[in-house]
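Remarks on the overall topology
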Amino acid sequence: MEEKEFVKELKEKLFRQKKNGYRRIDSEEEKAVSDFAEEYKCFLDSAKTEREAVCYAVRELEKNGFVEYKKGMQLRAGDRIYKNNRGKAVLIAVIGTAPIDEGIRLCAAHIDSPRLDLKQNPLYEDNELALFKTHYYGGIKKYQWTTVPLSLHGVIIRADGEKITVNIGEDENDPVFCVTDLLPHLANEQMNRNAAKVIRGEDLNLLIGSMPFRDDESSESVKLNIMNILFEKYGITESDFISAELEAVPAFKSRDIGFDRSMIGGYGHDDRCCAFPALKAVTDCKTPVHTAVTVLTDKEETGSEGNTGLCSAYLKYFVADIAESLGSNGRDVLSVSECLSADVNAAFDPTFADVTERNNCAYVNKGVCITKYTGARGKSGTSDASAEFAGRIRRLMDSKNVIWQTGELGKVDVGGGGTVAAYIANLDVDTIDMGVPVLSMHAPYEVISKLDLYMAYKAFSAFIAD
Ligand code: MN
Ligand code: MN
C-alpha cells in the first residue's frame, strides 16, 4: 500500500468523523430530509405558542390512536396514552413490553419560546395612539423585537368565566401589530447606549390603533374605540385583561432559506425543532420494549418554574401513576430510566466565530448535537451526563446511522445556558442533552438546517425504540 493511502486510512480510523451530513446520506435519505421539513414548517406556523402546540399535539395523538390517560386506568403493552397538563404541556406514553421496573425512555422538549407577553393592565392611549404594554418572556435582545410584524395569541377568561381564544395576525387578511423604533435621524442618544438599553423593557409597547371613537371629542377616544372593537368581537371589557394570557409573537410564516433550500427560517425553532421530532417519534412508535414517555413542556424559557414547567412534580406524578397501574412505583422506575433532554444548541456562525470554540461547538448540517453538559462559569447548573451514559447514547446513534455531533454552548466563560436536563437528572434519571443547532437563537427569526432536524427525529426514534 502506498504511504499516502495508509495515512489516509489511519486518519479515518483514528480521527473523529467531521464530514458535512450531506456527504454521508444517499438521495433517498435526502428526500426524507426535505419531506420531513415540509411537515415541520406546517407545525411551526400553526403552533406558535405552548397552548397551540398542545392543541396540535393532542390532535395528532388522537389521530394516531392515543387516548387520554386517567389515573388508575388499566394499562398493558402497546397502549397509547397522553395527559394534557392545563393546556400548556402534554405527557405522552406508549407502554412497552418490558416490565416498567426496567425503566422508561424519556424524551423532553419545550414548546414555549421567547416572546412579548401583554401586561395585566395593557391598554393605554398616548396622544391618540393606542398601545399595549408588554413584559418580555425569556431571554431576548430587545432591539430585535421592534419593527417586525407581530400577531397576538392566547386566551382571555371573561368575568362570566367564559374562555375566549385569541389568534389575530396569522391569517393574511388579519391586521398585525408592531413595536416601533426611533428613526436614525433622531437616534444620536439612543445609538450611544449599550445594546441592552437601545430598546428598554418599557419601550416594548405594541402599536394597536389610532382611530377615535366616532365623533367623540373626549379624552381616550382611541382607547374607547379599541375597547369597543374588542367588546363587539369578544365580549370583553378592560378588566378581562387581568385574567388573560396574551402573547405577541412574530406574524410571519416559516420559509426555506438559501438558494439550495437547505435551511428553514422561522419563529420558535427553540425548541419546536426538537418538540416536533419528539412528537413524531412517539406517534410513529409501535410497541417499544421500554415504555416510551415524551413530555412537551412549558416554561423552560423562564426557568421551568410553575405547574406546567419541569421543576414541578407533574412529570414525576405521571410516571408514578403509570408505574402504579403496572404494579410498580414511580421512584423505582425513575431510578433506572434514561432521558434525552431534547433542546437546541447554538450553531457556529462564521460572522460571530469568536464566541465559539471551534473544536467544541455545533455546526449546521453536521447532525443532531449531543451536549454532555451545559451551564456557565465552571459548568455551574449543569447535570453533566456520565461518560457511561454518553457512551451508551453514542453507540446507539452509530448503530442506527444517525448523523450526530457534539458541541457545547460557546467558549468557556463567554456566557452559557441551561435546559431541563438538570431537573430530570435530579429525579435520579440518566439524562443527556440532544438537539438541533440553531443560528440567531431567541431572535424573532431563527434558522436551522433541514438535515439536522431530520437527524433529531432519527435520534429520538432510535432512542425510544431501544
Ligand atoms: Mn430551548
Ligand atoms: Mn431557549
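Next up on the list: the coordination of the manganese ion (ligand 1). Within the protein, His110 (NE2), Asp270 (OD), Asp343 (OD) and Asp343 (OD) serve as the donor atoms for the manganese ion (ligand 1), at 2.1 to 2.6 Å. Spacing between the donor residues of the manganese ion (ligand 1) along their common chain follows H-x159-D-x72-D. The distance between the manganese ion (ligand 1) and the manganese ion (ligand 2) comes to 3.3 Å, with Asp270 serving as a donor to both metals. Placement of Asp270 in helix α7 (residues 269-284) and of Asp343 in the loop between β15 (338-342) and β16 (345-346) is noted, with a sequence separation of 73 residues between them.

Let's shift gears to the layout of surface pockets. The volume enclosed by the second largest pocket comes to roughly 440 Å³. In terms of lining, the second largest pocket is formed by 15 residues, of which the most central are Arg16, Gln17, Lys18, Trp404 and Gln405. Of all the elements in the fold, those that place two or more residues in the lining of the second largest pocket are α10 (387-399) and β19 (404-406). Among the elements that take part in the lining of the second largest pocket, β19 stands out by supplying three residues, more than any other. Here the residues of the lining of the second largest pocket sort into three nonpolar, four polar and eight charged.

Judged by side-chain charge, Lys8, Lys19, Arg23 and Arg24 come together as a positively charged surface patch. Summarising the element assignment, Lys8 is placed in helix α1 (residues 3-14). Look at Lys8 and you get partly exposed, because its relative accessible area is 49%.

Moving on to the environment of Ile229. Structurally, the position occupied by Ile229 is in helix α6 (residues 221-234). Among the residues examined, Ile229 registers a relative accessible area of 46% and is labelled partly exposed. Taking the C-alpha atoms as reference, Ile229 lies 9.9 Å from Phe213; in sequence the two are 16 residues apart.

Below, the discussion takes up the packing of aromatic side chains. Applying the stated criterion to the full structure yields 13 aromatic pairs. Geometry around Tyr137 places Arg115 over its ring, the cationic atom sitting 3.6 Å from the centre. Sitting over the face of the ring of Tyr363, Lys366 holds its NZ or CZ atom 4.7 Å from the ring centroid.

The next thing to look at is the sheet that holds strand β6 (residues 129-137). Strand order in this open sheet of seven strands is β8-β7-β11-β5-β6-β10-β9, and the pairing throughout is antiparallel. Only two strands of the sheet have a single partner each, and these edge strands are β8 (163-168) and β9 (178-179). Where β9 meets strand β10 (residues 206-209), two bridges bridge the pair, whose relative direction is antiparallel. Of the residues in β10, the one forming a bridge with Val179 is Leu206. Running over the sheet, α6 touches β5 (115-126), β6, β8 and β10 and is turned about 125° from β5.

The subject of this paragraph is the nonpolar core. Counting 63 residues, the largest nonpolar core has Tyr40, Cys273, Ile393, Met397, Met434 and Phe460 as its most contacted members. If one sorts the elements of this core by residue count, helix α12 (residues 450-465) sits on top with 10 residues. Excluding anything up to four places from it in sequence, Met397 contacts Ile370, Val402, Trp404, Met434 and Ala459. Counting residues in each nonpolar core, the second largest holds 33 residues, with Ile156, Phe177, Phe241 and Tyr267 among its members.

A few words now on the coordination of the manganese ion (ligand 2). Each donor-metal-donor angle would ideally measure 109.5 degrees in four-coordinate tetrahedral geometry, or 90 or 180 degrees in six-coordinate octahedral geometry. Here the manganese ion (ligand 2) is held by Asp270 (OD), Glu301 (OE), Glu301 (OE) and His442 (NE2), and the distances to it run 2.0 to 2.7 Å. Within one chain, the residues donating to the manganese ion (ligand 2) are spaced in sequence as D-x30-E-x140-H.

Quick look at the packing of helix α3 (residues 50-63) against α7 now. Close contact between α3 and α7 brings their axes to 11 Å; oriented N to C, the two are set at 15°. Taken as axis vectors, α3 and α7 run roughly parallel relative to one another. Along this stretch, α3 crosses α7, giving a crossing that reads as right-handed. Touching Glu50, Tyr56, Ala57, Glu60 and Leu61 of α3 are Arg272, Phe276, Leu279 and Thr283, all from α7. Considered class by class, the residues forming the contact of α3 with α7 number five nonpolar, one polar and three charged.

Quick look at the domain arrangement of the protein now. With domains assigned, the protein is organised as domain 1 (16-113 + 267-465) and domain 2 (115-250). Taking the mean C-alpha position of each, domain 1 and domain 2 sit 33 Å from one another. At the junction of the two partners, domain 1 supplies 17 residues and domain 2 supplies 16 residues. Here domain 1 packs against domain 2, burying approximately 1400 Å² in sum over the two surfaces, 48% of which is carbon and sulfur.

The subject of this paragraph is the pattern of salt bridges. By the definition in use, this model includes 30 salt bridges. The residue Asp256 makes a salt bridge to Lys450 at a minimum N-O spacing of 3.1 Å. Placement of the pair is Asp256 in strand β12 (residues 255-257) and Lys450 in helix α12, with a sequence separation of 194 residues. For Lys450, a relative accessible area of 5% puts it in the buried group. Its salt-bridge partner being Asp298, residue Lys299 comes within 3.2 Å of it at the nearest N-O pair. When sorted by exposure, Lys299 lands in the same class as Asp298, which is buried.

Calculation rules
Residues numbered from 1 in each chain as written. Chains lettered and ligands numbered in written order. Predicted model: local features only at pLDDT ≥ 70, side-chain atom pairs only at ≥ 80, totals over all residues. Heavy atoms only, no water. Donors = N, O, S within 2.8 Å, 3.2 Å for Na, K, Ca; no water. Helix = DSSP H or I, 4+ residues; strand = E, 2+ residues; numbered from the N terminus. 1 Å grid on protein atoms, 1.4 Å probe; cavity = no way out; pocket = protein on both sides within 12 Å on 5 of 7 lines; lining within 4 Å. Points joined across faces, edges and corners; volume = space filled by probe spheres on them. Nonpolar A, V, L, I, M, F, W, Y, C, P; charged D, E, K, R; others polar. Patch = residues over 30% accessible without salt bridge, like charges linked within 9 Å, V, L, I, M, F, W, Y side chains within 5 Å. Areas by Shrake-Rupley, 256 points an atom, 1.4 Å probe, with all protein chains shown as cover. Salt bridge = Lys/Arg side-chain N within 4 Å of Asp/Glu carboxyl O. Lys, Arg positive; Asp, Glu negative; His and termini not counted. Charge placed at Lys NZ, Arg CZ, Asp CG, Glu CD. Buried < 20%, exposed > 50% of the residue type's maximum accessible area, 1.4 Å probe, protein only. Phe/Tyr/Trp six-rings, centres within 6.5 Å; stacked < 30°, edge-to-face > 60°. Lys NZ or Arg CZ within 6 Å of the ring centre and 35° of its normal. Pairing = 2+ DSSP bridges. Contact = heavy atoms within 4.5 Å. Axes fitted to C-alpha atoms, helices over the stretch in contact; angles between N-to-C directions. Core = buried A, V, L, I, M, F, W, Y, C linked by side-chain atoms within 4.5 Å. Parallel < 35°, antiparallel > 145°, perpendicular 65-115°, else oblique. Left-handed = near helix turned anticlockwise from the far one by under 90°. Domains from an automatic or database assignment. Buried area = accessible area lost by both parts, 1.4 Å probe.

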